[in-house]
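Single-letter residue listing:
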Amino acid sequence: MLDWLLQSDFDTSVTAALWSTVIAIASTLILFLYTLGLRVATTLAERRRVPLIARWRRIFASAVVSDTAGPWSALPQIGRNQQIDILEEWNRTRTTVAGSATENLVSLAQHLDFPALAGRMLQKRQIKSKLLAIQTLGHLRGEQSWSAIVEAVASPNSALSITAAVALVDIDAEKAIPELVPMISIRRDWPQTRVAMFLRMAGSDIISEPMCRALRDGDPKSQIQLMKFAPLMDAETADRVADELVRNSHDAGVLAAALKLLSGHGGLPRIDELAEHEAWFVRMRAAQILGRAGLAEHLPLLETMLQDPDWWVRYRTAQAIAALPFLGPNALHQMQQRQTDPFARDMLGQAIAEAGL
Amino acid sequence: MTTEAFVHHTQWLFLLYFVGINLGYLAQNLIATIGIRKYLQTARQFEAEGVFSSLDIPISVIVPAYNEAASIITSIKALLQMDYPDFELIVVNDGSRDATLQTMIDAFGLQLFPEAYRIRVESSEVRGVYRSLRFKNLRIIDKVNGGSKADAVNAGINAARYPLVCVVDADGILQTDSLRRVVRPFLEDQTTIAVGGTVRIANGCVVRQGFLEEVGLPTNYLALVQVVEYLRAFLFGRMGWSPINALLIISGAFGVFHKETLIEVGGFNKDAVGEDMELILRMHRIMKEKRRPYRITFLPDPVCWTDAPENLKDLKGQRVRWQNGLGQALMLNRSLIFNPRGGAVSWLAIPFYLVFELFGPILEVLGMFLLLYFGWMGWLGWPESLIFFGLAIGLGILLSTSAIMLEEMSFHMYPRIRDLLVLFLVAIVENLGFRQLTAIWRLQGLFRWLRGGKHKWESITRSASVSDKT
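Everything in this summary refers to the structure shown in the same document. All figures in this text were calculated on a predicted structure; none of them were measured in a lab.

1. Remarks on the overall build of chain A
So, point 1. When its secondary structure is counted, chain A shows 19 helices and zero strands.
So, point 2. Taking 2.2 N^0.38 as the reference for a compact globule, 357 residues should give roughly 21 Å; the C-alpha atoms of chain A span a radius of gyration of 31 Å, well beyond that estimate.
So, point 3. Reported as C-alpha extents along the three principal axes, the dimensions of chain A are approximately 95 × 75 × 40 Å.

Shown next, in the form of structure tokens:
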């Protein structure tokens with residue numbers, strides 16, 4: 001067959017088609033064999049991995065419940081091809097524990113020479129290795145890795161950078177947070193859930209002052225970004241900053257973010273002005289805070305806002321009115337009936353129905 | 001021109017076409033392979049923490065329903081159990097002629113609710129909004145039939161209260177973690193305006209109470225071929241365009257959109273035959289016109305399982321409709337073609353779709369018949385005819401095999417080695433008949449578009465091979 005193909009005197013286009021076909025078939029065969037090989041390799045690896053992980057899970061679990069950190073004896077030998085699986089399992093266990101159990105796990109990891117392993121993995125080119133290395137170094141809480149992890153925070157790779165930030169907080173939150181908070185508004189690529197995670201890990205005592213400083217000194221763009229995480233600060237500080245921003249800011253985004261956070265217990269600064277703000281989302285937040293404050297003196301203002309041209313402002317206003325503690329169902333229905341604006345009337349009707357009144 | 005010259009030029013034309021289309025697909029394959037590897041490397045790390053927080057973006061899940069009385073309750077119950085902290089479910093009954101609405105009223109204790117419904121995108125008249133007494137996050141919009149799924153979705157968009165809108169087919173089976181996964185691009189990149197997930201074939205799978213319990217392959221040949229087709233379409237078709245922000249379609253069966261952007265571009269086009277593709281093209285066009293940075297992303301792991309047609313009539317209807325929709329969507333957004341500001345969308349994706357996807361069937365069907373004709377007339381020797389036929393088939397098998405490899409490298413949803421071998425067999429056999437048949441249907445779809453075909457709600461016969469243990 002091959003002889004015939006090679007000897008045939010085909011036109012150039014047919015020859016090109018012939019060789020393309022041969023290449024396509026050969027590539028298909030290679031892919032087919034590779035895929036089958038991959039399936040076999042994965043199955044075999046999984047068969048080896050399952051008992052290995054089960055064994056080490058038991059070892060880590062007994063370390064967690066142990067009264068003392070070591071001495072560690074009679075541990076099984078770790079083969080080179082088992083290291084990654086065991087390291088991943090150690091990290092998984094480490095994320096689930098706190099307190100003295102952490103010290104036990106760290107002590108066990110040191111006995112198993114994980115710090116050196118993580119150090120070697122950090123030098124590798126693959127992102128997956130680097131991520132596992134950084135996560136491990138953070139979990140080990142070793143100060144000696146600090147500078148290497150700080151370098152990783154500056155990486156343009158989002159996953160690497162945010163994992164490094166989390167690791168720094170793991171090692172020393174008090175030292176890390178003042179460095180990381182200003183970066184929150186710069187590194188927009190950091191996933192917000194992970195930022196919230198490291199702020200929560202550090203705790204409100206540690207984050208409140210750096211966050212407060214950054215909020216006061218930042219430009220409106222940074223302020224809006226940081227305000228998303230302000231609920232993680234201690235409530236009093238967050239309320240104080242929100243109050244300051246409501247009093248002083250002229251940026252609609254900042255005002256809306258600050259109004260969302262403001263408790264209203266210390267008064268409602270500029271509320272008449274904000275209820276007529278040109279940005280609908282500021283008016284909407286103003287309606288919400290009027291509802292949270294729940295004062296009778298604001299009822300005329302809320303009733304006016306019920307006629308706002310924006311649906312969301314009307315909706316939040318109606319919800320605020322329906323939630324006022326001093327208005328019963330009769331008063332609400334009377335208020336609904338006296339609305340001359342049909343949009344206001346319908347919206348209040350919806351809010352009353354939603355409240356089940 | 002002599003017969004010999006005509007045959008010679010024709011040979012070159014087809015050769016160039018086949019090499020061109022397959023080089024394009026192989027390039028997508030390469031980008032997809034790199035993209036999926038990169039995605040999986042970081043996804044596991046991010047998943048490990050699995051934290052929900054107040055920062056999770058609330059989602060309005062919209063389910064358009066037309067004559068779905070038989071399955072709507074199971075679908076809603078399954079959707080209400082999605083693993084996501086804050087979402088509302090809006091089911092739009094598009095004037096169903098069966099008992100869809102009454103079934104929902106009875107099952108969920110619905111009550112008419114005085115909602116201040118506002119119209120932000122065009123849709124037919126809403127007759128009423130119902131609220132469930134048992135499920136606070138469930139609302140039903142009952143509207144006059146608008147003749148299309150797009151019209152029903154638009155009504156849902158008008159009622160949606162959350163910043164993200166997720167559109168799911170009423171017969172789609174979402175994996176419980178799909179919302180959690182699909183929302184990630186919105187959290188990681190604030191310019192993200194739309195995200196699509198993978199659609200896989202549910203035929204042959206075991207479904208219990210609206211949840212997928214066991215993945216399997218269908219026994220029906222047509223459904224089986226579509227399993228491989230969908231692997232090709234999603235794993236490298238979509239994943240190949242997404243990294244260069246040139247994704248032209250997010251499946252109507254499962255997509256998430258930034259609501260305000262969706263409203264800004266006018267919502268779904270109720271007159272579009274392929275409303276899902278038309279929307280994405282319009283989003284590209286309008287964002288580019290306004291010079292706004294944006295991302296339209298595809299993710300391979302949020303999965304929606306869907307019922308595939310198992311008979312030729314339904315399958316033909318679907319393929320004709322898709323081709324008609326493709327032509328219409330490209331025509332409606334033609335200003336994107338070779339637009340100087342259009343980037344990869346205008347200079348790579350749209351030209352590829354135009355030449356190979358829209359007009360490709362002309363060459364494919366013509367090539368098939370000319371090959372036979374030339375052979376019959378003796379203008380082309382049978383060995384040469386066989387070589388060209390072999391090329392078409394060989395490249396087809398290569399592409400399907402590479403899609404199966406990509407699946408094995410990434411998600412290996414089909415755990416049995418037998419399933420893998422069946423998929424390989426299908427990758428070969430589909431080239432003998434099925435592909436040629438779909439090329440003819442696509443050609444019919446092309447002609448229908450040229451004649452100005454209209455769109456109606458699509459319904460397919462429910463497959464017997466989805467084993468539902470409801």
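2. Overview of the overall build of chain B
So, point 1. When you go through chain B residue by residue, the secondary structure sums to 15 helices and 13 strands.
So, point 2. Its C-alpha atoms give chain B a radius of gyration of 23 Å, within 12% of the compact-globule value 23 Å for 470 residues.
So, point 3. Taken along its principal axes, the extent of the C-alpha atoms in chain B is 75 × 50 × 45 Å.
So, point 4. Classification of the 470 residues of chain B by burial places 63% in the buried group.
So, point 5. With an accessible surface of roughly 18,300 Å², chain B has 60% of that area assigned to carbon and sulfur atoms.
So, point 6. Seen as two clouds, the 47 positive and the 44 negative side-chain charges of chain B have centres 4 Å apart.

3. A short note on the packing of helix 13 (residues 252-261) of chain A against helix 15 (residues 280-293) of chain A
Residue and element names in this part refer to chain A.
So, point 1. Interaxial distance between helix 13 and helix 15 falls to 9 Å at its minimum, and their mutual angle equals 15°. Taken together, the axis directions place helix 13 and helix 15 in an arrangement best described as roughly parallel. Judged by the sense of rotation from one axis to the other, the crossing of helix 13 with helix 15 is left-handed. On helix 15, the residues that touch Ala252, Gly253, Leu255, Ala256, Leu259, Lys260 and Leu261 of helix 13 are Phe281, Val282, Arg285, Ala286, Ile289 and Arg292.
So, point 2. Class assignment of the residues belonging to the contact of helix 13 with helix 15 gives a composition of nine nonpolar, one polar and three charged.

4. Digging into the environment of serine 400 of chain B
Residue and element names in this part refer to chain B.
So, point 1. Topologically, serine 400 is positioned in helix 13 (residues 382-410).
So, point 2. For serine 400, a relative accessible area of 0% gives the class buried.
So, point 3. Taking the C-alpha atoms as reference points, serine 400 and arginine 291, separated by 109 residues in sequence, lie 38 Å from one another.
So, point 4. Filtering out sequence-adjacent residues up to four positions away, serine 400 remains in contact with Val228, Arg232, Ala427, Glu430 and Arg435.
So, point 5. For serine 400, the side chain forms a polar contact with the side chain of glutamate 430, separated by 2.6 Å.

5. As for unusual backbone geometry
So, point 1. In this structure, arginine 141 of chain A takes a positive phi of about 55° despite not being glycine.
So, point 2. Relative to the helices and strands, arginine 141 of chain A resides in the loop between helix 6 (127-140) and helix 7 (146-153).
So, point 3. For arginine 141 of chain A, a relative accessible area of 44% gives the class partly exposed.
So, point 4. With phi around 55°, asparagine 67 of chain B is a residue other than glycine that occupies positive phi space.
So, point 5. Positionally, asparagine 67 of chain B belongs in the loop between strand 1 (59-65) and helix 2 (72-80).
So, point 6. You can call asparagine 67 of chain B partly exposed: its relative accessible area is 30%.

6. Here's the deal with the packing of aromatic side chains
So, point 1. Applying the stated criterion to the full structure yields 24 aromatic pairs over all chains.
So, point 2. Taking the centre distance of 4.5 Å and the plane angle of 80° together, the rings of phenylalanine 32 of chain A and phenylalanine 424 of chain B count as edge-to-face. Placement of the pair is phenylalanine 32 of chain A in helix 2 (residues 12-65) and phenylalanine 424 of chain B in helix 14 (residues 417-429), with the two residues belonging to separate chains.
So, point 3. Among the residues examined, phenylalanine 32 of chain A registers a relative accessible area of 25% and is labelled partly exposed.

7. Focus on the interface of chain B and chain A
So, point 1. In this assembly, 50 residues from chain B lie in contact with 51 residues from chain A.
So, point 2. Approximately 4,700 Å² of surface area, both sides summed, lies buried where chain B meets chain A, with 65% of it carried by carbon and sulfur atoms.
So, point 3. Summed over the shared surface of chain B and chain A, the number is two salt bridges.
So, point 4. When the shortest N-O distance is used, the salt bridge between glutamate 408 of chain B and arginine 39 of chain A registers 2.7 Å.
So, point 5. Our count for the chain B to chain A interface comes out at ten residue pairs in polar contact (both at pLDDT 80 or more).
So, point 6. With 16 residues, helix 13 of chain B is the largest single contributor of residues to the side of chain B that touches chain A.

8. Observations concerning the environment of threonine 102 of chain A
So, point 1. Along the chain, threonine 102 of chain A falls in helix 4 (residues 100-111).
So, point 2. Residues threonine 102 of chain A and valine 64 of chain A lie 38 residues apart in sequence; the distance between their C-alpha atoms is 7.3 Å.

9. Describing the sheet that holds strand 7 (residues 173-174) of chain B
Residues and elements named next belong to chain B.
So, point 1. Within the open sheet, the ten strands sit side by side as 3-4-5-2-1-6-11-8-12-7. Their pairing is mixed. Edge positions in the sheet fall to strand 3 (110-113) and strand 7, since each has one partner strand and no second.
So, point 2. Pairing between strand 1 and strand 6 (residues 164-168): four bridges, direction parallel. Bridged to valine 61 within strand 6 is cysteine 166.

10. Focus on the packing of helix 10 (residues 204-217) of chain A against helix 12 (residues 235-248) of chain A
Residue and element names in this part refer to chain A.
So, point 1. Orientation of helix 10 relative to helix 12, taken along the N-to-C sense of each, is 5°, at an axis distance of 10 Å. The pairing of helix 10 with helix 12 is recorded here as roughly parallel in orientation. Contact with helix 10, carried on its side by Ser208, Glu209, Cys212, Leu215 and Arg216, involves Thr237, Arg240, Val241, Glu244 and Leu245 of helix 12 and no other residues of that element.
So, point 2. For the contact of helix 10 with helix 12, the class distribution of residues is four nonpolar, two polar and four charged.

11. Some details on the pairing of strand 8 (residues 192-201) of chain B
All names here are of chain B.
So, point 1. The buried count for strand 8 comes to ten of ten residues, which makes it a mostly enclosed element.
So, point 2. The sheet contact formed by strand 8 and strand 12 (residues 295-306) spans eight bridges and is parallel. When the sheet's bridge partners are listed, valine 195 is paired in strand 12 with threonine 297.
So, point 3. As defined by bridge partners, strand 8 adjoins strand 11 (residues 254-258) across three bridges and the pair is classed as antiparallel. Bridging across to strand 11, glycine 196 finds its partner in glycine 255.

12. Some words on a nonpolar patch on the surface
All names here are of chain B.
So, point 1. A cluster of nonpolar side chains, contributed by Tyr221, Leu425, Ile428 and Val429, occupies part of the molecular surface with about 340 Å² of accessible area.
So, point 2. Ranked by residues supplied to the nonpolar patch, first place goes to helix 14 with three residues.
So, point 3. Since its relative accessible area comes to 33%, valine 429 is described here as partly exposed.

13. As for the pairing of strand 6 of chain B
In the case of a regular strand, side chains alternate between the two sheet surfaces.
All names here are of chain B.
So, point 1. Of all five residues that make up strand 6, five are buried, and the element is covered over most of its length.
So, point 2. Burial of the side chains of strand 6 extends over both faces: Leu164, Cys166 and Val168 are buried on one face and Val165 and Val167 on the other.
So, point 3. Alignment of strand 6 against strand 11, held across five bridges, turns out to be antiparallel. Paired with cysteine 166 across the strands is valine 256, a residue of strand 11.

14. Regarding helix 12 (residues 360-377) of chain B
So, point 1. Taking 1.5 Å per residue, 18 residues should reach 26 Å; helix 12 of chain B reaches 25 Å between its end C-alpha atoms and fits that length.
So, point 2. At the exit of helix 12 of chain B stands glycine 378 of chain B, carrying a positive phi of roughly 80°.

15. What about helix 7 (residues 221-241) of chain B?
Each α-helix winds once per 3.6 residues, and so residues spaced three or four apart point in a common direction.
Residues and elements named next belong to chain B.
So, point 1. Over its 21 residues, helix 7 runs 29 Å from end to end, which matches the ideal 30 Å to within 8%, given 1.5 Å per residue.
So, point 2. Among the 21 residues that make up helix 7, 19 are buried, leaving the element largely enclosed by the rest of the structure.
So, point 3. Between the side-chain oxygen of the N-cap and the backbone nitrogen of leucine 222 there are 2.9 Å, and the N-cap of helix 7 in question is asparagine 220.

16. Brief notes about the side chain of aspartate 308 of chain A
All names here are of chain A.
So, point 1. On the secondary structure map, aspartate 308 appears in the loop between helix 16 (299-305) and helix 17 (311-322).
So, point 2. The exposure class of aspartate 308 is buried, given its relative accessible area of 9%.
So, point 3. Separated by 2.6 Å, the side chains of aspartate 308 and arginine 283 make a polar contact.

17. Digging into the nonpolar core
So, point 1. One finds Ile157, Phe257, Phe268, Met283, Ile296, Trp305 and Tyr353 of chain B to be the most contacted residues of the largest nonpolar core, which totals 121 residues.
So, point 2. The element best represented in this core is helix 7 of chain B, accounting for twelve residues.
So, point 3. Among all residues touching tyrosine 353 of chain B, those that are not within four sequence positions of it are Trp241, Leu248, Ile249, Met277, Leu326, Leu330 and Leu358 of chain B.
So, point 4. Core analysis: the second largest hydrophobic core is formed by 112 residues, Ile86, Phe114, Ala152 and Ile162 of chain A among them.

Here is what the cut-offs are and how they apply
Residues numbered from 1 in each chain as written. Chains lettered and ligands numbered in written order. Predicted model: local features only at pLDDT ≥ 70, side-chain atom pairs only at ≥ 80, totals over all residues. Heavy atoms only, no water. Helix = DSSP H or I, 4+ residues; strand = E, 2+ residues; numbered from the N terminus. Rg over C-alpha atoms; globule rule 2.2 N^0.38 Å. Buried < 20%, exposed > 50% of the residue type's maximum accessible area, 1.4 Å probe, protein only. Areas by Shrake-Rupley, 256 points an atom, 1.4 Å probe, with all protein chains shown as cover. Lys, Arg positive; Asp, Glu negative; His and termini not counted. Charge placed at Lys NZ, Arg CZ, Asp CG, Glu CD. Axes fitted to C-alpha atoms, helices over the stretch in contact; angles between N-to-C directions. Parallel < 35°, antiparallel > 145°, perpendicular 65-115°, else oblique. Left-handed = near helix turned anticlockwise from the far one by under 90°. Contact = heavy atoms within 4.5 Å. Nonpolar A, V, L, I, M, F, W, Y, C, P; charged D, E, K, R; others polar. Polar contact = N/O pair within 3.5 Å; in protein donor to acceptor, adjacent residues only side chain to side chain. Phe/Tyr/Trp six-rings, centres within 6.5 Å; stacked < 30°, edge-to-face > 60°. Buried area = accessible area lost by both parts, 1.4 Å probe. Salt bridge = Lys/Arg side-chain N within 4 Å of Asp/Glu carboxyl O. Pairing = 2+ DSSP bridges. Patch = residues over 30% accessible without salt bridge, like charges linked within 9 Å, V, L, I, M, F, W, Y side chains within 5 Å. Expected span 1.5 Å × (residues − 1). Core = buried A, V, L, I, M, F, W, Y, C linked by side-chain atoms within 4.5 Å.

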